[in-house]
Amino acid sequence: MNGSRENLPGRRKMLARLSIGLGAIGAALVGLPVAGFLLAPLFETVSRKWRNVGSAAQFENGQTVEVKFEDASSVAWAGVTAQTGAWLRREPSGQFTAFAVNCTHLGCPVRWLKDAELFMCPCHGGVYYKDGTVAAGPPPRRLTQYPVRVREGQVEIMTTPTPIT
Amino acid sequence: MRYLRIAWEWFDARTDASKVLGPIMRHPVPPRTGWMYVFGSATLFAFIIQVVTGIALATAYVSSAGQAFASLQWITDHAFLGHLLRGMHYFGASAMVLLVGIHMIRTFLTGSYKFPRELNWVVGVVLLGLTILMGFTGQLLRWDQNGVWSTIVAAEQAGRVPVIGPWLARLLLGGQTVGGATLSRFFAYHVFFIPAMIFAHGRPAPCARLTPRHLRKAQRRPSGGTEDLSRMV
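Residues numbered from 1 in each chain as written. Chains lettered and ligands numbered in written order. Predicted model: local features only at pLDDT ≥ 70, side-chain atom pairs only at ≥ 80, totals over all residues.

(A) Representation of the overall build of chain A within the structure. Scanning chain A from terminus to terminus reveals 1 helix and 11 strands. Element order for chain A, N to C, with α for helix and β for strand: α-β-β-β-β-β-β-β-β-β-β-β. In summary, chain A has a C-alpha radius of gyration of 27 Å against a globular reference of 15 Å for 165 residues, an excess of more than 25%. With the C-alpha coordinates of chain A rotated into their principal frame, the extents come out at 90 × 40 × 25 Å. When the 165 residues of chain A are sorted by exposure, 25% land in the buried category. For chain A, contacts bridging at least 24 residues in sequence account for 45% of all contacts bridging at least 6. (Helix = DSSP H or I, 4+ residues; strand = E, 2+ residues; numbered from the N terminus. Rg over C-alpha atoms; globule rule 2.2 N^0.38 Å. Buried ≥ 20, exposed ≤ 12 C-beta atoms within 10 Å, placed from the backbone. Contact = placed C-beta atoms within 7 Å.)

(B) How the structure looks around the overall build of chain B. For chain B, the count of helices and strands is 11 helices and 0 strands. Listing every helix and strand of chain B by position from the N terminus yields α-α-α-α-α-α-α-α-α-α-α. Residues counted as buried form 28% of the 233 residues belonging to chain B. The long-range share in chain B, meaning contacts at least 24 apart out of those at least 6 apart in sequence, stands at 71%.

(C) The interface of chain B and chain A, seen in detail. Every contact between the two is made by 25 residues of chain B and, on the other side, 23 residues of chain A. Where the side of chain B that touches chain A is concerned, the elements lending two or more residues are α7 (145-158), α8 (165-173) and α9 (180-201) of chain B. By residue class, the composition of the side of chain B that touches chain A is 12 nonpolar, 11 polar and 2 charged. (Nonpolar A, V, L, I, M, F, W, Y, C, P; charged D, E, K, R; others polar.)

(D) Focus on helix α1 (residues 2-15) of chain B. All names here are of chain B. Helix length check: α1, at 14 residues, gives a terminal C-alpha distance of 20 Å against a target of 20 Å (1.5 Å per residue), a fit within 8%. In terms of burial, α1 is largely open, as just 0 of its 14 residues are buried. D16 sits one or two positions beyond α1 and adopts a positive phi of about 60 degrees. (Expected span 1.5 Å × (residues − 1).)

(E) Quick look at the nonpolar core. By size, the foremost hydrophobic cluster in this structure holds 21 residues, and its most contacted members are A86, L88, A98 and I157 of chain A. For A98 of chain A, the residues in contact, after removing those within four places along its chain, are A86, L88, Q145, Y146, V148 and I157 of chain A. Core analysis: the second largest hydrophobic core is formed by 15 residues, F69, L72, L183 and F186 of chain B among them. (Core = buried A, V, L, I, M, F, W, Y, C linked by C-beta atoms within 7 Å.)

(F) Molecular detail of helix α5 (residues 82-109) of chain B. Spanning 28 residues, α5 of chain B covers 40 Å between terminal C-alpha atoms, matching the ideal 40 Å at 1.5 Å per step. Remark: G111 of chain B follows α5 of chain B within two positions and exhibits a positive phi of approximately 70 degrees.

(G) Spatial organisation of the sheet that holds strand β11 (residues 154-158) of chain A. Residue and element names in this part refer to chain A. Read from one edge to the other, the open sheet built from 3 strands follows the order β1-β11-β10, with strand pairing classed as antiparallel. Only two strands of the sheet have a single partner each, and these edge strands are β1 (50-55) and β10 (148-151). The sheet shows a mean angle of 30 degrees between the axes of neighbouring strands, taken without regard to direction. (Pairing = 2+ DSSP bridges. Axes fitted to C-alpha atoms, helices over the stretch in contact; angles between N-to-C directions.)

(H) A look at the sheet that holds strand β9 (residues 145-146) of chain A. Residue and element names in this part refer to chain A. One open sheet holds the 4 strands; their spatial order is β2-β3-β4-β9, and the pairing between them is antiparallel. Either end of the sheet is taken by a strand with one partner, and the two such strands are β2 (64-70) and β9. Pairing analysis gives 7 bridges linking β2 to strand β3 (residues 83-90), with the strands arranged antiparallel. Looking at β3, one finds that F69 is bridged to T84.

(I) Spotlight on the environment of V51 of chain B. Take V51 of chain B: it is sitting in helix α3 (residues 39-58). Considering only alpha carbons, one finds V51 of chain B and H89 of chain B, 38 residues apart in sequence, at a separation of 8.7 Å.

(J) Summary view of the confidence of the model for chain B. Per-residue confidence for chain B gives a mean pLDDT of 88, with 88% of residues at or over 70. Both confidence scores are given for the complex: pTM 0.84, ipTM 0.81. (pLDDT = per-residue confidence, 0-100.)

(K) Summary view of the packing of helix α6 (residues 118-141) of chain B against α7 of chain B. Residue and element names in this part refer to chain B. With their axes 7 Å apart at the nearest point, α6 and α7 run at an angle of 135 degrees to one another. The angle between the axes of α6 and α7 places the two elements in the oblique class. For the pair α6 and α7, the sense of crossing is left-handed. Listed contacts from α7 to F136, Q139, L140 and L141 of α6 are G147, S150, T151 and A154. (Parallel < 35°, antiparallel > 145°, perpendicular 65-115°, else oblique. Left-handed = near helix turned anticlockwise from the far one by under 90°.)

Here it is, written out as structure tokens:
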């Protein structure tokens with residue numbers, strides 16, 4: 001019996017195609033939910049929330065301090081990663097500015113050096129002035145700023161995705 | 001001994017194990033290869049160590065962002081021989097990266113990537129990338145300061161891939177920020193996804209085509225499997 005596809009009897013050819021078709025449908029039935037589950041983070045929208053970080057009165061003019069607040073998308077098992085942070089600066093005029101802790105070079109956490117009034121990144125030596133503009137090093141742009149407001153005497157920062165620069 | 005042979009023959013008749021392992025164990029080794037010959041097998045040996053110690057560690061490791069670090073502290077400080085197991089996995093990872101590098105350098109310098117092994121070189125490059133990824137994802141599983149911030153650095157770097165970068169970053173983090181979903185994802189990458197790809201790609205390189213003169217010399221020497229095993233030991 002010739003085994004080439006052209007010479008297969010019609011019924012056998014039909015059954016072969018049916019098997020391939022049913023296999024493809026089966027693979028899709030299993031594969032699509034798996035792919036959807038794995039790719040879900042691409043399509044999820046996380047509503048941003050205002051988080052209270054303290055009374056406006058507790059922040060002195062001209063000072064920059066670290067504040068912590070709960071992330072918008074925290075889950076029950078997140079542990080300490082449910083918390084995120086920002087550098088909150090109160091200008092001499094009383095206005096507030098909130099900077100992301102992530103260096104715009106590769107995302108490492110910047111430190112505030114009070115005496116020098118500079119933000120410094122420990123990874124590759126990125127340096128920022130107190131207003132978040134780049135002073136030196138590899139950062140391509142200024143520190144990311146978070147929306148901040150004062151409401152009923154309380155300072156609130158809006159949760160923001162990790163800045164991917 | 002007789003019973004062992006009977007058991008082996010029973011097993012082999014049903015699995016064809018000797019047909020799979022035989023050519024690997026008995027392949028002739030060209031003369032004057034020396035220590036340069038063993039780095040591929042040494043890499044495989046390091047990989048086996050990683051698999052065995054990794055499976056053992058996974059029985060106690062908790063891949064939850066809230067508890068991962070504490071579970072590692074327990075493994076290190078309280079579990080019986082836990083510190084030894086972590087040490088083997090930790091240094092085994094470095095050894096594997098080092099051995100892969102040496103193996104590839106040796107392959108390049110001796111021209112062993114040429115016919116009939118061009119495709120093995122390509123697969124080797126893929127395996128090198130997968131080995132680096134294993135090292136990187138494993139480092140994150142410690143979930144200490146280094147691990148968490150390395151995750152962000154990885155997301156930043158992925159974010160710079162043209163066009164799809166931001167999507168890649170979100171897939172790596174499992175969301176928009178480092179959180180509960182992030183570590184679970186990296187655990188799955190480290191334990192399931194990447195090892196599956198390594199197993200799918202991994203196979204010994206085909207034997208060199210020896211000239212009749214070299215083949216006669218090779219037949220007077222230990223076989224490849226014997227040589228590899230003795231030098232691993």
